[in-house]
Amino acid sequence: MRTGAVFGRPVLRREDSRFLKGEGVYVPDVRLPDAAEAVVKRSPHAHALIRHIDISEAAAAPGVVAVITADDLTDTGVYRPYHKSPPAFANLLQPLEKGHDVPLLAAGRVRRVGEPVALVVAEDRYLAEDAARLIRVDYEPLEPVLDPEAGLRPEAPVIHDELGDNVQSRVGVVVGDPDGAMAAADHTARFGFTIRRQIGSPLGPRAVLARFDPVEGLTVWSATQMQHLARKVIGGILGVAEDRIRVICPDMGGSFGGGVYYEDILIPYLARRVGRPVRWVEDRTENLVNARHARDQVHDVEVGFDSRGRLLALRDRILVDMGIANFYGLVVPYNTISHLKSQYRIDNYEAAATCVITNKTPNAPARGAGRVTAAFVIERVLERVARRLDLDPADVRRVNLIPADAMPFDTGVPYRDGKPSVYDSGDFPAQLEMALEAIDYQEFRARQARLRAEGRHVGIGISAHMEGTGFGPPESAIVRVDGSGAVTILSGSNNHGQSHETTLAQVCADALGVDIETISLRDGDTALIRQGGGTFASRTAVTGSMAVAGAARKLRKKAIKMAAHLHGVEVDGLTVFGGVIRDGAGARITTLAELARTTGDGECTGGRAGLEAMDSFASPTVTWASGTHVVTLEVDRDTGQVELERYVIAHDAGNIINPAVVEGQIVGGVVHGIGNALSEEAVYDEAGNLLSGSFVDYRLPRAIDVPPIEVHHQEFPSGLNDLGIKGCGEGGTVGAPAAIANAVEDALHPLDLRITEMPLQPEKILRYIREAEAASRGQAAGMERW
Amino acid sequence: MTETVQVTLLVNGVEHALAVEPRLILADVLRERMELHSIHLGCEEGICGACTVLLDGEPSTSCLILAVQAEGRSITTLEGLDGDPTMTGLQAAFHENFALQCGFCTPGVLVNLFSLLEDRDPSAPPSEVEVRTRLNGNLCRCTGYQSMVAAAMQAARSGSGHEDP
Amino acid sequence: MKPPRFSYAAPATVREATDLLDSSGGRARVLAGGQSLIPMLRHRLLEPEALIDLRRIDGLRDICLDDARRLRLGAMVTHHALQRWASDQGQDLLVDAAAHIGHHSVRAIGTVIGSLAHADPSAEWGAVALVLDGVCRVAGPGGERELGVEGLFTGPYSTSLAGSEIITSLTLSLPPSCTGAAFSEVAPRPGDPAVAGAAAAVSLDGPCVESARVALIGLAPTPCRAPSVEAALSGSEASVGIEAAAQAVENDIAPIGDIHGSEEYRRRVAPVVVARALRSALVRAEGDRP
């Protein structure tokens, strides 16, 4: 455990006051005089040719400023999704990665429901929607491809001609000798798992506001997680120099995955074209049909194990339903592959994933990207192995967990950066025991037996997760002090609920030696700092903190040097605390504020003006956070409804900057995972329409749907950064669906449920119950079942 | 029947006479014409509760009310509760319990919980089930609700929550 | 998701309202609370020429109970107002049913009669009104008429009302003594649209069921009675007859599957909700013995 004056303490959130008064400024709250409002006309077809678009009536409608279709986009570049892995990775695993253009507006053909077909700019949203209804599009429907297996069939229509077929990418890894180990195993089994499509669903829909000035260039306010990347993409496609684009992300209503979308490019384009600021505010139906679809994988798993339940070999063939484009390369499929072995020692492992293009919304990373599915698969496998051998599921985990003395542990599976996946620190067996003790596993088993005798079905489920955190480009920070002693952090990160104004200030306070009250953070704006990675992949606590700490330390060193020079004392022994610089005897020499004023008067020392420093940090590779989840619940056998009873998670995020903030991230993550486990499903009909297109049908967990959640912290510092931090933004989500599915299965035991899908709505549970009942009748009649 | 209708809305205690198109949604009037930005639009279908206001004292989703329907009625938004002792106590409890993250749902949550706690005897605070049931009118994707429930119960126990220093 | 353009009137009398509806030639809609109508407008599933708002008409917010235990609700009575009244009066069936409707904020604005007129096959009040012999007072250009709730629903989201008619009030016959009434529902989660629900009123004569009324939601194109269940129960010994009677529900239903629940799931849980409603009705009937 590392603590400083404020590092490690539950400092109250410094960003709260504006939000508590309703004074947060989200993109739709930014007002520019004369701004017009854009609406996107979207495809109602999953796959169709566009024969003709008639905009005449819409263009003449009241209040309309402009109507734009693909024919008008002659002055933009193309959007070609990023699709190449870094060379270190590509050379190692030789993945297949194919690229294709994505039209900003559908040209000649639509490939999914919700694809942008035209844009209307009008005086307000009501008028823009009126006009959008008047755009007449003559479609010729084509056969859609709506599941990846169908997409692979030779007779399947090819969705992007450029690709030749519907395979966009393929990647695989082999560790040890899976064939030999499988053949030699005492027991083998094969499972199919399907993880349905889910949607990130931040509560604040996306929004973009853009202004063009011939001298200033473009200013874009966007609800994106990575402002610097957005600037680069916008600049590239619209042909505007990056330094003539400023992207500002003000307050955001959550995000949970995502990046740069069509509208981030189209709205600035419109502002330039119509010569007025243009605003676009997504509504919920658009958000659900457009943004942050995730999961949607099919797994075919084989496992070899011994009589104690030790996994000797694991093989998984994965199909990922990518939708019409893969904007994030191998992030999702390879996250699944690299997290599948989880906390377990599995020496012989083979996994391969194929990303298939279908006529659906793009599949993208969302909270727990690729890892939710990995945890679901491996934890379901362990549960089935325990059932098959009639062992306690906790015991089966115990024999498979990587022991503490094996840390740091190389899984043998390269990470996405091409480096080895080395779990940097942790004690998984202790984590399991911590969680089991917290829930009182033995007591639960006794109570379960009593309730079972009364005809009630309570169950307990365990799952573990690993989370590679802190991935991606460097993060940068500038720390400066003004003449009043006010400290400002400028960060390239992006705060959309993660409490950076508090946690990064905590890091800065200790590293610089100032009171946290003197610090304020600004981030999410390309004008603040040259480089920024942004906030995703549970990275800011790792990369953002290290950049801030680096800049603050540099600044402290600089201040000490200046103090020594100006006051004629030795550098050695000078300390900074509470903004005051003292000598070794504790005598006050000067303050940071005084130094800042001195330089402000031009009396700089050493030729370096300003009490300001900058630093950047990229994690050498990912830090590995981990968690063990245990949930208890009751199943209504008549209706399939589940009532969650208690949820415990033991979690290691390395050194913790602020335990209350970390707990908030984990509890929020668990509840996201509860939705993923039980109620959230993006349902498409056979024509490719999204049926769950509103919050009536896409069901986020509500307050009554969630049980008390207890978080227990382990703190095994990461060895990859000197603050010892690991990320924690997604782990809560990652482990929850597996734990809940296992608990449902446990609740109905000895009825032998075979849960192969998530999410588990009551209807599905009732179907599993009926299948199990039928099978147990079959077994009584002498039929084999595995 | 006319194209625009004259309405008088009593918003946060102040009368506003406006000409509105009948189709104009109350939430849009509050946000766009009165710049009451505590009103957030999360679903525009009455599910998420980010636009919750008090309509004659009852929590209501302003995304499912036409401005013309609110003629002559009293509308209170979070801005209008600024300084109210119950609201101040609730806001303080939210801060102390880390009951918000991105802040988007927060104003609607506060207004809804305010109506649960207002005029309530601190010796008979609502049960956890009661708080959670009331919060069904608000979706939050960040916090997992637990901290909000704790904050609401803390505020309820301390009455106005306004402990004078 | 902004509504299309329409004109608007808030007449002061029922007569004016029906005249306005009549003159619109069926292209106007009645607005009460708007909790079903406004979402449909937002999705532009409806594009009415005009909305006729009932809010200014006197007396439509009244809730009156007469000496014959007939409860009359005006067209602007909200779910919330009825819930509060029922809770004060100990009317369990009404309290149970109201608790399943959306959430607090929706109940504060949405109206009971608006819900009936919307004719959602899964709406709770449909079953309640059928069990309590609901009668609608319907005003039209030609005057007023009475319409039993069983004659109101003609299909999903459709009623027998003419385009210029308005339901101005609903009369429910509250259960007599020795009668227990209850409501049970299965939804994907509480507050979600019902997959199956049952309202039941059971009158006891000693240990036996003298009469039973059961109505269902989510299990047919409209809310409907469950005559097979009622027949199976009638005269049976209450404590033993419930399970078998609940199974008889399969003869009374014709569920339509949708995203909330497939046809098969609805069939599966139909007897469950019927049995649960009957069981709690029975407990209440026993508690209600003089």
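Cut-offs and rules
- Residues numbered from 1 in each chain as written.
- Chains lettered and ligands numbered in written order.
- Predicted model: local features only at pLDDT ≥ 70, side-chain atom pairs only at ≥ 80, totals over all residues.
- Heavy atoms only, no water.
- Salt bridge = Lys/Arg side-chain N within 4 Å of Asp/Glu carboxyl O.
- Helix = DSSP H or I, 4+ residues; strand = E, 2+ residues; numbered from the N terminus.
- Buried < 20%, exposed > 50% of the residue type's maximum accessible area, 1.4 Å probe, protein only.
- Expected span 1.5 Å × (residues − 1).
- Core = buried A, V, L, I, M, F, W, Y, C linked by side-chain atoms within 4.5 Å.
- Contact = heavy atoms within 4.5 Å.
- Buried area = accessible area lost by both parts, 1.4 Å probe.
- Polar contact = N/O pair within 3.5 Å; in protein donor to acceptor, adjacent residues only side chain to side chain.
- Pairing = 2+ DSSP bridges.
- Axes fitted to C-alpha atoms, helices over the stretch in contact; angles between N-to-C directions.
- Phe/Tyr/Trp six-rings, centres within 6.5 Å; stacked < 30°, edge-to-face > 60°.
- Lys NZ or Arg CZ within 6 Å of the ring centre and 35° of its normal.
- Domains from an automatic or database assignment.
- Nonpolar A, V, L, I, M, F, W, Y, C, P; charged D, E, K, R; others polar.

## Here's the deal with the pattern of salt bridges
- Applying the stated criterion across every chain, the model contains 102 salt bridges over all chains.
- In this structure, R588 of chain A and E594 of chain A form a salt bridge, with 2.7 Å as the shortest nitrogen-oxygen distance.
- A salt bridge links R145 of chain C to E165 of chain C; the shortest N-O distance between them is 2.8 Å. Of this pair, R145 of chain C sits in strand β7 (residues 143–148) while E165 of chain C sits in the loop between β9 (158–159) and β10 (166–173), and the two are 20 residues apart along the sequence.
- A relative accessible area of 32% means that R145 of chain C is categorised as partly exposed.

## A short note on helix α19 (residues 731–748) of chain A
- For α19 of chain A, built from 18 residues, the straight-helix expectation of 26 Å at 1.5 Å per residue is met to within 8% by its first-to-last C-alpha distance of 27 Å.
- Most of α19 of chain A sits inside the fold, with 18 of its 18 residues counted as buried.

## Some details on the nonpolar core
- Ranked by internal contacts, the top residues of the largest apolar core, which has 198 residues, are F94 of chain B together with L216 and V274 of chain C.
- Contacts of L216 of chain C, omitting those with residues within four sequence positions, involve A127, G197, A198, P223, C224, A226, V249, D252, I253 and V274 of chain C.
- Within the second largest apolar cluster, 53 residues are counted, among which are L71, V112, V128 and L132 of chain C.

## As for the interface of chain B and chain C
- The interface of chain B with chain C comprises 32 residues on the first partner and 33 residues on the second.
- Buried area between chain B and chain C, both sides added, is near 2600 Å², and the carbon and sulfur share of it is 57%.
- Across the chain B-chain C interface, the total number found is five salt bridges.
- Between D28 of chain B and K2 of chain C there is a salt bridge whose closest N-O contact spans 3.0 Å.
- In this structure, the connection of chain B to chain C is made through 15 residue pairs in polar contact (both at pLDDT 80 or more).

## Overview of the sheet that holds strand β1 (residues 5–11) of chain B
Residue and element names in this part refer to chain B.
- As summarised here, the arrangement of the five strands in space is β2-β1-β5-β3-β4, forming an open sheet in which the pairing is mixed. Each edge of the open sheet carries a strand with a single partner, namely β2 (14–20) and β4 (58–61). Strand-to-strand, the axes of this sheet are offset by a mean angle of 40°, without reference to chain direction.
- Looking at chain direction, β1 and strand β5 (residues 74–76) are connected through two bridges and run parallel. In the strand pairing of β5, V11 is matched with I75.

## Brief notes about the sheet that holds strand β8 (residues 167–175) of chain A
Residues and elements named next belong to chain A.
- Pairing is mixed across the open sheet formed by seven strands, whose spatial order is β4-β8-β16-β15-β14-β9-β30. Looking at the sheet topology across the chains shown, the edges are occupied by β4 (96–97) and β30 (757–758).
- When strand β9 (residues 187–199) meets strand β14 (residues 293–305), the two strands line up antiparallel, connected through twelve bridges. Within β14, the residue paired with T194 across the bridge is V298.
- Its contacts with the sheet put helix α11 (residues 371–389) on β9, β14, β15 (311–323) and β30, and the angle it makes with β9 is roughly 145°.

## With respect to the packing of aromatic side chains
- In total, this model carries twelve aromatic pairs over all chains according to the counting rule given.
- Taken together, a centroid distance of 5.2 Å and an interplanar angle of 90° make the contact between Y26 of chain A and F104 of chain B edge-to-face. With Y26 of chain A in the loop between α1 (16–20) and β1 (36–42) and F104 of chain B in the loop between α2 (85–96) and α3 (106–117), the pair connects residues from two separate chains. The same class applies to Y26 of chain A as to F104 of chain B, namely buried.
- Taken together, the aromatic side chains of F409, Y415, Y423, F428, F471 and W624 of chain A make up a single cluster linked through ring pairs.
- One residue, R416 of chain A, lies across the ring of F471 of chain A, its end atom 4.1 Å from the ring centre.

## Observations concerning the domain arrangement of chain C
All names here are of chain C.
- Segmenting chain C into domains produces domain 1 (7–53), domain 2 (63–173) and domain 3 (179–287).
- For domain 1 versus domain 2, the separation of C-alpha centres amounts to 19 Å.
- Each side of the interface is counted separately: domain 1 has twelve residues, and domain 2 has 15 residues.
- Interface of domain 1 and domain 2: buried area, both sides summed, is about 1100 Å²; carbon and sulfur atoms make up 73% of it.
- For the domain 1 face of the interface with domain 2, the top three residues by lost area are T18, A32 and Q35, together amounting to 37%.
- Where domain 1 meets domain 2, there are zero residue pairs in polar contact (both at pLDDT 80 or more).

## Topic: unusual backbone geometry
Residues and elements named next belong to chain A.
- A cis geometry characterises the amide bond from H749 onward to P750, with omega recorded as 10°.
- With respect to the helices, strands and loops of the structure, P750 is situated in the loop between α19 and β30.
- The omega angle of the peptide bond from M758 to P759 is 0°, so this bond is cis rather than trans.
- By the secondary structure assignment, P759 is in the loop between β30 and α20 (762–780).
- Of note in the backbone geometry, A537 takes a positive phi value of approximately 55° without being a glycine.
- If you trace the backbone, A537 turns up in the loop between β22 (519–523) and α16 (540–567).
- Within the chain, S538 stands out as a residue other than glycine whose phi angle is a positive 45°.
- Within the secondary structure, S538 is located in the loop between β22 and α16.

## Re the domain arrangement of chain A
All names here are of chain A.
- Domain annotation of chain A identifies domain 1 (16–23 + 475–617) and domain 2 (293–471 + 620–780).
- When each unit is reduced to the centre of its C-alpha atoms, the spacing between domain 1 and domain 2 is 40 Å.
- In this complex, domain 1 contributes 19 residues to the contact, which on the side of domain 2 involves 20 residues.
- Summed over both partners, the interface of domain 1 with domain 2 comes to about 1400 Å²; 62% of that surface belongs to carbon and sulfur atoms.
- Three residues, A537, S538 and V542, lead the burial of domain 1 against domain 2; their summed loss comes to 35% of the area buried on that side.
- Along the contact surface separating domain 1 from domain 2 lie one salt bridge.
- Across the domain 1-domain 2 interface, the total number found is nine residue pairs in polar contact (both at pLDDT 80 or more).
- Of all the secondary-structure elements, those providing two or more residues to the side of domain 1 that touches domain 2 are α15 (500–512) and α16.
- Ranked by residues supplied to the side of domain 1 that touches domain 2, first place goes to α16 with seven residues.
- Grouping the constituent residues of the side of domain 1 that touches domain 2 by class yields eight nonpolar, nine polar and two charged.

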